[in-house]
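The chain contents come next:
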Amino acid sequence: MRIAVVHGPNLDLLGAREPGVYGTATLDDVNRALAALAGELGAEVEPFQSNHEGKILDFLAGARHRAAGIVINPAGLGHTSVALLDGLLAIAKPFVEVHLSNPAAREPFRRRSLLTPSAVGVVAGFGVDSYLSGFRCLHNHLQRADAEHR
């Protein structure tokens, strides 16, 4: 089972960008932790990061043939991008939204995500563990769905 992990805008700056909010782990640290977890679960992870909405949409369109589901940290695009939501809906794969910080405890404009109502679930506020929990939960969800279709 392959799960794609999408890291949205500015997540390439993890470790240096507002460490009091996002922690000190780098994007490489996040991807290494995800690869280790995927190995434990007998799954594959396909990480992708871009600061460009169109590149994320292109990645999602291509991933529809490779990935069983998506873990996505949409970053700021989650609050603003109908195109990102439409791209996720178009590929018809279950997805989990993750955030390193807790958007509900931050500025009012960060408290609403356009993706949340369509997500299988949301994990936020636990730093790197948000990604790991989201990955594990999506993996379990996909296994249950696969067992039900047999």
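Residues numbered from 1 in each chain as written. Predicted model: local features only at pLDDT ≥ 70, side-chain atom pairs only at ≥ 80, totals over all residues. Heavy atoms only, no water.

1. Some remarks on the sheet that holds strand 5 (residues 121-124)
- Taken in spatial order, the five strands of this open sheet run 2-1-3-4-5, and their pairing is parallel. One side of each edge strand has no neighbouring strand; the edge strands of this open sheet are strand 2 (44-49) and strand 5. When strand polarity is set aside, the average angle formed by the axes of neighbouring strands in this sheet is 20°.
- Pairing of strand 4 (residues 95-99) with strand 5 involves four bridges; the strand directions are parallel. Within strand 5, the position partnered with H99 by the bridge is A124. (Pairing = 2+ DSSP bridges. Helix = DSSP H or I, 4+ residues; strand = E, 2+ residues; numbered from the N terminus. Axes fitted to C-alpha atoms, helices over the stretch in contact; angles between N-to-C directions.)

2. Overview of helix 2 (residues 27-41)
- Taking 1.5 Å as the rise per residue, helix 2 with 15 residues should run 21 Å; its terminal C-alpha atoms sit 21 Å apart, in good agreement.
- When we look at burial in helix 2, the residues that qualify are L27, V30, N31, L34, L37 and A38. Seen end-on, helix 2 carries its buried residues on one side only, within an arc spanning 125°. Along helix 2, the residues that are exposed and aim more than 90 degrees away from the buried face are R32, G39 and E40.
- Buried residues along helix 2 sit in contact with strand 1 (2-7), strand 2 and helix 6 (128-148).
- At the C-terminal side of helix 2, G42 shows a positive phi close to 70°. (Expected span 1.5 Å × (residues − 1). Buried < 20%, exposed > 50% of the residue type's maximum accessible area, 1.4 Å probe, protein only. Arc of directions from axis to C-beta. Contact = heavy atoms within 4.5 Å.)

3. Considerations on helix 3 (residues 53-63)
- Residues of helix 3 that are buried: I56, F59, L60 and A63. The arc enclosing the buried residues of helix 3, seen along the axis, measures out at 100°, which places them on a common side.
- Looking at the buried residues of helix 3, the elements they touch are strand 1, strand 2, strand 3 (69-73), helix 4 (77-80) and helix 5 (82-91).

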